[in-house]
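Survey of secondary and tertiary structure
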Amino acid sequence: MSAGLQEPTAPVRAPADRALARPARRALTALVAVAILAAIGLAALLAIRPPAPAPATAPPSSFSAARAATHIDTIAARTHVAGSAANDTVRDYLVRTLSGFGLRTSVQDAVGAEAGDLSGSTSAAGVARVRNVVAELPGSAPTGTVFLVAHYDSVQVGPGGNDDGAGTSSIVEVARALSTGGPLRNNVVFVLTDAEEACLCGAFAFASAHPLAADGGVVLNLEARGSTGPVIMFETSRDNAKLVDLFARSAPHPVGTSFAVEIYRLLPNDTDFTAFLGNDFVGLNSAYIDGAAVYHSPLDTPASVDRRTLQQHGENALGLARAFGGTDLGDLRASGDATYFPVPGALVVYPGWLTWPLAAVALLLVLGLAVLTVRGGRARWRGLLGGFGLGLLPLVLAPLAAQLLWMLVTAVRPGYGPLLDPYRPGLWRLTVVLLAATILISWYALLRRRVGPAALAIGGLAWLAVLGVVLAAVTPGGSYLAALPALAGAIGGIVALRLRGAWAVVPLTAGAAVGVVILAPTVVLLFPALGMSQGGVGALFATLLGLAALPVLDLLLPEAGGQRGLVALRARRLGLGVPVLGLVATLAVGGSAFAVDRFDAAHPVPTHLMYALDADSRQAKWISNESSPQEWTAAYVGSSEVVDGTFPDVGRKPMRTGPAEAANLPPATVTVVSDATAGGVRTLRVKVAPQRPVRLASLHVDGATAAVERATAGGMPVPVEAAGPWSFGLVFHAPPADGFEVELALRPTGAGPVRLRVEDGSDGLDSLPGFRPRPAGVGILGSHTSELVLVAKSYTF
């Protein structure tokens with residue numbers, strides 16, 4: 001060949017599109033497929049929306065939110081903490097109302113004890129004098145008893161319209177509806193407990209000591225930690241398969257997930273349901289949790305209760321009462337837990353033993369999809385491994401970005417910090433979802449041409465499958481969240497490889513639809529469950545949803561190959577335009593959220609303040625748990641210190657403090673009732689008597705002077721646990737006006753006398769010297785110690 005002559009070269013071709021589906025009319029197909037997924041997602045979300053409220057004219061045998069709301073107006077007319085005159089008024093109203101339905105109604109007056117103080121900041125045992133309202137509806141041929149439970153007391157700073165006026169009123173309306181018909185097969189007992197907010201002591205007193213509870217039974221507990229949203233069955237007794245099956249068939253609006261049950265079992269949270277579980281009952285615990293900004297605050301009024309949510313709460317309770325009231329209660333324990341989750345029109349339930357097989361099959365099918373994709377020439381093993389490794393990026397970056405976003409927001413607006421959720425959280429939640437979507441689409445758009453759409457899609461399904469296996473090991477009831485979308489996505493991909501053109505999109509859309517049905521409600525439910533402070537979890541599951549739908553979302557972008565020259569350049573620019581659009585949308589919605597969700601008189605910034613007086617030194621302090629005090633709070637507190645050595649009820653965490661003027665408040669007295677020593681153990685019985693109206697009184701033993709081996713309060717044994725400088729502590733809520741007795745079995749640790757530290761607490765700062773009322777726009781934080789006035793004094797014996 002001559003040096004000056006060359007053979008003509010073939011034109012350079014871009015690699016062909018390596019997606020799982022390659023429809024000819026890409027834009028139209030994408031529009032149809034995405035519209036279908038959007039419609040399915042909307043249906044899944046509407047399926048968990050509470051029903052329309054029934055009017056007061058609804059049939060007598062049915063539940064009416066309008067009728068129940070009239071009870072809330074009375075129950076939550078004002079704050080009614082356990083032991084208060086206002087709580088006595090509520091109790092009398094409940095007794096009259098239930099008796100008026102022809103039910104045998106009584107009041108259990110007892111002392112109940114719980115293993116720990118609910119503030120979570122101390123190890124003091126909780127004790128309370130309680131008055132539980134108990135109403136009976138005898139069965140015709142009982143095989144056991146169904147207990148409908150709610151608490152009628154409120155916290156000290158809020159009237160409890162939702163928590164738990166809604167639950168109590170729902171049970172009253174259910175009792176009325178059941179009393180209009182003939183008796184059910186089983187006994188039904190309506191238990192309205194006292195002192196739940198303090199220590200669950202009413203429930204403990206009933207479950208452990210009331211004659212009606214002696215043989216156990218089925219408990220249906222009604223709670224609230226918000227003001228709106230779907231009622232979720234979030235906790236069950238163990239071996240719940242038969243209970244959940246009956247719930248799915250009998251509740252008119254069943255919403256619940258086995259994932260929620262698994263997570264709740266890992267948390268230190270408690271409700272009255274805890275007391276019954278500890279006494280060999282079985283049952284279900286339901287609550288609504290959205291709109292949590294009003295939780296335990298003065299804003300938890302009757303007007304804040306969503307009537308749709310109230311309808312679901314009561315309608316489900318009535319349906320379950322009739323179902324459990326008519327079944328054989330001796331046959332409800334199963335050999336394991338069920339897996340369950342909501343879908344449009346139903347609650348899917350299957351045996352827990354299927355968890356591992358489904359997770360394993362999902363993993364194998366994703367691997368099979370990978371093999372077929374390589375054989376079909378749409379990916380190489382190197383690309384698939386790269387897609388799997390790179391798939392970790394959005395799973396890490398999206399939650400991290402969501403957490404950083406909220407850290408930034410709370411830095412700019414610190415008032416969000418103490419709230420479970422913002423007052424108007426909708427735009428904030430949408431911001432997090434858009435942020436997660438933007439990160440996922442940006443990741444995909446930047447890598448799809450180099451790694452390949454099929455490789456990235458299969459990598460995403462592989463992460464879902466792996467997560468399904470991990471969850472099967474750690475929280476089996478949550479494995480379905482990842483395993484089923486991976487399973488459906490893999491099947492859809494395998495079928496799509498055997499089809500051509502637009503037909504290949506059909507199985508991919510069907511597979512993605514499973515992920516949408518399962519994960520869209522999960523994302524929506526997770527935000528109110530965890531709050532914006534843990535919005536990263538919602539971002540994680542939103543990303544998982546995106547990975548499940550990735551083969552369909554790919555159609556929104558230009559083909560990842562097959563173009564040349566200017567066409568390829570335009571395709572790349574268009575592909576990058578989608579994430580840019582997502583970023584713009586995220587910033588726009590986030591900015592709108594910041595502008596809309598401002599603090600004002602109707603949505604005040606929460607503040608926490610309490611007062612503590614040391615009667616020994618006549619020194620007083622203002623105390624706040626705000627880590628970054630609001631402007632109003634900062635006028636009272638400035639320094640940070642741990643005060644449990646002087647005020648053990650405050651706990652061992654550092655608190656903000658400031659000097660206060662000593663008020664003329666008398667401390668509780670302690671007198672010796674009996675004192676005897678035998679075998680090196682000193683048995684000391686004392687009487688603690690508050691000298692002013694109080695909500696609680698406490699006693700702590702100085703560990704430097706004695707160790708406590710046993711203790712009783714009001715005749716009830718209480719657990720002994722040392723904490724910090726104290727070898728024992730108890731908090732007696734709603735103490736009798738003439739005081740209460742405590743018996744201590746002591747083993748001295750020194751040669752000197754035993755030192756006891758006694759505190760009592762009342763509510764309300766208005767009458768204290770130096771206190772200035774909060775201005776408009778400044779509110780009270782929902783806390784068990786907000787507005788608390790403590791007086792402490794030491795005694796030695």
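Residues numbered from 1 in each chain as written. Predicted model: local features only at pLDDT ≥ 70, side-chain atom pairs only at ≥ 80, totals over all residues. Heavy atoms only, no water.

1. Things to note about a nonpolar patch on the surface
A grouping of L393, L397, L400, L404 and M407 is seen on the molecular surface, where their side chains present a nonpolar patch of about 470 Å² in accessible area. In this structure, L393 sits in helix α13 (residues 392-412). (Patch = residues over 30% accessible without salt bridge, like charges linked within 9 Å, V, L, I, M, F, W, Y side chains within 5 Å. Areas by Shrake-Rupley, 256 points an atom, 1.4 Å probe, with all protein chains shown as cover. Salt bridge = Lys/Arg side-chain N within 4 Å of Asp/Glu carboxyl O. Helix = DSSP H or I, 4+ residues; strand = E, 2+ residues; numbered from the N terminus.)

2. Side note on the state of the cysteines
With the rule as written, the count across this model stands at 1 disulfide. Here C199 connects covalently by a disulfide to C201, the sulfurs 1.9 Å from one another. Judged by the sign of its S-S torsion, about -130°, the bond between C199 and C201 is left-handed. In this pair, the class of C199 matches that of C201, namely buried. (Disulfide = S-S within 2.5 Å. Buried < 20%, exposed > 50% of the residue type's maximum accessible area, 1.4 Å probe, protein only.)

3. Topic: the pairing of strand β15 (residues 669-678)
Judged from the 9 bridges that link them, β15 and strand β16 (residues 681-689) form a sheet pairing that is antiparallel. Bridge pairing in β16 places T671 opposite K687. The turn linking β15 back onto β16 is made up of 2 residues, and G679 within it adopts a positive phi angle of 60°. (Pairing = 2+ DSSP bridges.)

4. Describing the environment of R755
Mapped onto the elements, R755 comes out in strand β22 (residues 755-763). Looking at R755, the relative accessible area reads 23%, which means it is partly exposed. In this structure, the C-alpha to C-alpha distance between R755 and A260, residues 495 residues apart in sequence, is 46 Å. If we skip the residues at most four places from it in the chain, R755 touches G645, H700, V701, D702, T705, W726, S794, Y795 and T796. Side chain to side chain, R755 and S794 meet in a polar contact 3.2 Å long. (Contact = heavy atoms within 4.5 Å. Polar contact = N/O pair within 3.5 Å; in protein donor to acceptor, adjacent residues only side chain to side chain.)

5. A word on the pattern of salt bridges
A pair can form between side chains of opposite charge whenever their charged atoms are brought close. For the structure on display, the rule yields 26 salt bridges. Between D614 and R757 there is a salt bridge, and its shortest N-O distance comes to 3.2 Å. With a gap of 143 residues between them, D614 in strand β11 (residues 610-614) and R757 in strand β22 connect regions that are remote in the sequence. Accessibility classification places D614 together with R757 in one group, the buried group. The salt bridge partner of D763 is R695, with a shortest N-O separation of 2.7 Å.

6. Examining the packing of aromatic side chains
For the structure on display, the rule yields 22 aromatic pairs. Ring geometry for F147 against F206: centres 5.8 Å apart, planes inclined by 75°, an arrangement best described as edge-to-face. Here the residue F147 occupies a position in strand β3 (residues 145-151), and F206 occupies one in helix α6 (residues 201-209), the gap between them amounting to 59 residues. As far as the burial class goes, F147 and F206 line up, both buried. Above the plane of the ring of Y636 lies R772, whose end atom (NZ or CZ) is 4.9 Å from the centre. Lying across the ring of Y795, K793 places its NZ or CZ 5.6 Å from the centre. (Phe/Tyr/Trp six-rings, centres within 6.5 Å; stacked < 30°, edge-to-face > 60°. Lys NZ or Arg CZ within 6 Å of the ring centre and 35° of its normal.)

7. Regarding the nonpolar core
V366, W443, Y480 and F541 are the most contacted members of the largest nonpolar core, which has 79 residues in total. A per-element tally of this core places helix α17 (residues 505-530) first, with 12 residues. Beyond its immediate chain neighbours, meaning those up to four positions away, Y480 contacts T257, S258, F259, T339, Y340, F341, Y350, P485 and I518. (Core = buried A, V, L, I, M, F, W, Y, C linked by side-chain atoms within 4.5 Å.)

8. Digging into helix α2 (residues 65-75)
For the α-helix, the turn length of 3.6 residues means that residues three or four positions removed from each other point alike. Considered for burial, the residues of α2 that qualify are A65, R67, A68, A69, H71, I72 and I75. Among the structural elements, α3 (85-100), α4 (165-179) and α10 (307-325) are those in contact with the buried residues of α2.

9. Description of the environment of V412
Note on placement: V412 falls in helix α13. It is 43 Å that separates the C-alpha atoms of V412 and L508, two residues lying 96 residues apart in sequence.

10. Structural notes on α3
With 16 residues, α3 ought to run about 22 Å at 1.5 Å a step, and its terminal C-alpha atoms sit 23 Å apart, in line with that. Taken residue by residue, α3 has A86, N87, V90, R91, Y93, L94, T97 and L98 as its buried positions. Buried residues of α3, viewed axially, fall in a sector of 160°; they line one side. Opposite its buried face, α3 presents the exposed residues A85, R96 and G100, each directed more than 90 degrees away. Remark: G102 follows α3 within two positions and exhibits a positive phi of approximately 85°. (Expected span 1.5 Å × (residues − 1). Arc of directions from axis to C-beta.)

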